[in-house]
Amino acid sequence: MYVHLLKEFQQSKSATAWVASILYCVSLLLGPVASTLTVRFGLRKVTIAAGLVTTAGFLASALAPSLWVLYFTFGVVVGAGFAVCDVTASVAVAYYFRKRRALATGLSECGTGIGTFAFPPLCEALVDTYGWRGAFVLMGGIALHVTVCGALFRPLDAFDRLAGSPVVWILRLLAQSRSVTLRRLNKLFQEGTPIWVCLPVATMSMPLLPDPDVIFRHCTSLPMTASCPELHFGRADSVSDQTSSQKYSVCLSKAKDLLKAAFDKEILRHSPFLLFTASNFLMYFWGDVPYLFANDFALERGVPDTQASFLISIIGIVNTVGQVIYGVIGDTSCNLTVVFGVSVVASGVVVVLLPFAESYWFMAVLCGLYGFFDAACYALITAILVSYVGLDKLAHAYGLVMMGKGLANLGGPPVAGWLTDETSYTVAFSVGGSIIILSGLILFPSYIVGVCRRHRSGTS
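Basis of the calculations
Residues numbered from 1 in each chain as written. Predicted model: local features only at pLDDT ≥ 70, side-chain atom pairs only at ≥ 80, totals over all residues. Heavy atoms only, no water. Helix = DSSP H or I, 4+ residues; strand = E, 2+ residues; numbered from the N terminus. Buried < 20%, exposed > 50% of the residue type's maximum accessible area, 1.4 Å probe, protein only. Contact = heavy atoms within 4.5 Å. Areas by Shrake-Rupley, 256 points an atom, 1.4 Å probe, with all protein chains shown as cover. Patch = residues over 30% accessible without salt bridge, like charges linked within 9 Å, V, L, I, M, F, W, Y side chains within 5 Å. Salt bridge = Lys/Arg side-chain N within 4 Å of Asp/Glu carboxyl O. Axes fitted to C-alpha atoms, helices over the stretch in contact; angles between N-to-C directions. Parallel < 35°, antiparallel > 145°, perpendicular 65-115°, else oblique. Left-handed = near helix turned anticlockwise from the far one by under 90°. Nonpolar A, V, L, I, M, F, W, Y, C, P; charged D, E, K, R; others polar. pLDDT = per-residue confidence, 0-100. Core = buried A, V, L, I, M, F, W, Y, C linked by side-chain atoms within 4.5 Å. Phe/Tyr/Trp six-rings, centres within 6.5 Å; stacked < 30°, edge-to-face > 60°. Disulfide = S-S within 2.5 Å.

A. Inspection of the overall build of the protein chain at higher detail. Secondary structure summary: the protein chain contains 25 helices and 0 strands in total. Across the 460 residues that make up the protein chain, the buried fraction comes to 50%. Residue pairs at least 24 apart in sequence account for 80% of intrachain contacts in the protein chain once pairs closer than 6 positions are excluded. Summed over all atoms, the accessible surface of the protein chain reaches about 21400 Å², with 66% contributed by carbon and sulfur.

B. Just a nonpolar patch on the surface, in detail. Taken together, the side chains of Leu 30, Val 33, Leu 37 and Phe 41 present a nonpolar region at the surface, about 310 Å² in accessible area. Note that Val 33 resides in helix H3 (residues 31-41).

C. Looking closely at the packing of helix H16 (residues 271-286) against helix H24 (residues 425-441). It is at 8 Å that the axes of H16 and H24 come closest, and there the two elements cross at 165°. In terms of orientation, H16 lies roughly antiparallel with respect to H24. As for the relative orientation of H16 and H24, their crossing is left-handed in sense. Taken together, the residues of H24 that come into contact with H16 (itself represented by Ser 279, Leu 282, Met 283 and Trp 286) are Ala 428, Val 431, Gly 432, Ile 435, Ile 436, Leu 438, Ser 439 and Gly 440. Of the residues belonging to the contact of H16 with H24, the class tally is 8 nonpolar, 4 polar and no charged.

D. Representation of the confidence of the model for the protein chain within the structure. Chain-level statistics for the protein chain give a pLDDT mean of 75 and a share of 73% at 70 or above. With pLDDT under 50 throughout, residues 158-169 is counted as low confidence; its partners more than four residues away or in other chains account for 25 contacts. The model gives residues 195-241 a pLDDT under 50, and that stretch makes 90 contacts with residues more than four places away or in other chains.

E. Focus on the packing of H3 against helix H5 (residues 67-96). Remark: H3 packs on H5, axes separated minimally by 9 Å, with the N-to-C direction vectors making an angle of 55°. Judged by the inter-axis angle, H3 sits oblique to H5. Every pair of crossing elements has a handedness; the one defined by H3 and H5 is right-handed. Residues Gly 31, Ala 34, Ser 35 and Thr 38 of H3 lie in contact with H5, whose contacting residues are Ala 83, Val 84, Val 87 and Thr 88. Of the residues in the contact of H3 with H5, the class split is 4 nonpolar, 4 polar and no charged.

F. Main features of the environment of Ala 143. With respect to the helices, strands and loops of the structure, Ala 143 is situated in helix H7 (residues 110-143). On the basis of relative accessibility, which here comes to 9%, the residue Ala 143 falls in the buried class. Separated by 62 residues in the primary sequence, Ala 143 and Gly 81 have C-alpha atoms spaced 9.6 Å apart. Setting aside residues no more than four positions away along its own chain, Ala 143 makes contact with Gly 51, Thr 54, Thr 55 and Phe 58.

G. Quick look at the nonpolar core. In terms of nonpolar packing, the biggest core is built from 76 residues, with Phe 273, Phe 276, Phe 293, Leu 311, Leu 385 and Phe 429 touching the most fellow members. By residue number, the principal contributor to this core is helix H23 (residues 394-422), which donates 10 residues. If near-sequence neighbours (up to four positions away) are discounted, Phe 273 is found in contact with Ile 267, Leu 385, Tyr 388, Ala 397, Leu 400 and Val 401.

H. Spotlight on the environment of Arg 154. You can see Arg 154 is positioned in the loop between helix H8 (145-151) and helix H9 (158-161). A residue is classified by how much of its surface remains accessible, and Arg 154, at 46% relative accessible area, is partly exposed. Note: C-alpha distance between Arg 154 and Arg 44 (110 residues apart in sequence) is 7.6 Å. Among residues more than four places away in sequence, those in contact with Arg 154 are Arg 44 and Tyr 96.

I. Molecular detail of the packing of aromatic side chains. According to the stated counting rule, one finds 18 aromatic pairs in the structure shown. Seen from their ring centres, Phe 58 and Phe 74 are 5.9 Å apart, and the 65° between their planes marks the pair as edge-to-face. Placement of Phe 58 in helix H4 (residues 43-61) and of Phe 74 in helix H5 is noted, with a sequence separation of 16 residues between them. Phe 74 shares its class with Phe 58; the two are buried. The interplanar angle of 55° and the centroid separation of 5.0 Å between the aromatic rings of Phe 276 and Phe 340 together place this pair among those described as tilted. Of this pair, Phe 276 sits in helix H16 while Phe 340 sits in helix H19 (residues 336-353), and the two are 64 residues apart along the sequence. The exposure class assigned to Phe 340 is buried, which follows from its relative accessible area of 1%.

J. Region of interest: the state of the cysteines. By the definition in use, this model includes 0 disulfides. Cys 85 supplies the cysteine sulfur nearest to Cys 149, a cysteine that is in no disulfide, at a spacing of 8.7 Å.

K. Up close: the pattern of salt bridges. Considering all chains together, one arrives at 1 salt bridge under this definition. Its salt-bridge partner being Glu 358, residue Arg 301 comes within 4.0 Å of it at the nearest N-O pair. Of this pair, Arg 301 sits in the loop between helix H17 (289-300) and helix H18 (305-330) while Glu 358 sits in the loop between H19 and helix H20 (360-374), placing them 57 residues apart in sequence. With relative accessibility at 33%, the residue Arg 301 sits in the partly exposed group.

The following block contains the structure:
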């Protein structure tokens, strides 16, 4: 689509690259907002709404008279829909799978590779048949299917979500005794009624029954789940008898609480998480450059249109395979941070070599290698974040990482386009690849420090 927009609006490569740059930026920059909405309203509702917003953005883009309008309709509106879909899909998999979480994430992220493989030739065919405006309309129809996917998100059962908690078996007893419903139990918690008053007499005599005070404190401190916010057992304030000003104050207070949760201080003080976020920032500043410019770079080298667009498909094909392979690796006992760092360094080396490819087949091999190593950035991210901050903070941590990626994407493609306009693709790819290599290398100091500490503690 980038090449067709260049021809349509007759703008510089840098100005045209801003369309995709804003899309990538917004889809990632709104990560904390998307994670907060997911925690507040649940996966199903938010995903359905995101599908509708994305469709509206595509349809509006088909009517855009200038690049400035595309910046908003395609970059901002479609990007906002993509942001929510990315968070909900990734968080859902992490919550649904405890064993083989990395493999499950890798398999689910295969959709990214399949889409990268299928959409470039599909878009090319749609543009050739219907023009780029008609292609946007049809892609809006495809995006509408996201609402169907969102409707299929089944909310997790409360007992599944709280597995391993010392209060789970008590909740099971309540459900099996039929002495109280979940709604009634939630109301009792809000009123401060101890949960053991709901238990049948036979259960009260069980010798394994924990201290009632411990049970009650544990229940009232349970966090709201990201996929089932309706299972929150916290104390709720009644707003039925409040005045308008009081309701406004409550809403404002809740908005502040959601904002604080999105930027959790405990997460922001976690050193490995900060290094990981910095690595992703540098990686994504240049990471999308091969996706954006490989086609145009090949055309400048005299490669036919069909073969040039297929380079992006090659990235998608190999990326799909890489998702599965990295998913399997992620469920082993190896250090995932090291695997991630090595893969990022390798992808940077590939980007540096790309402008020196003289033949189409060499370009294809390099694009395939980039797609494979880039798969680590998708398949391993949730497993790494869970190891850093735990499952309960995954949604917010993932949103913060996405925001860092979005800030990087805001400047990366335009800077690469400006370098290309002023110099050549050789300079753009060389600089970009070098920064990607640096983004992988900054992950190793924390690992080396950890190894040294373990070695010292072992010798002592």
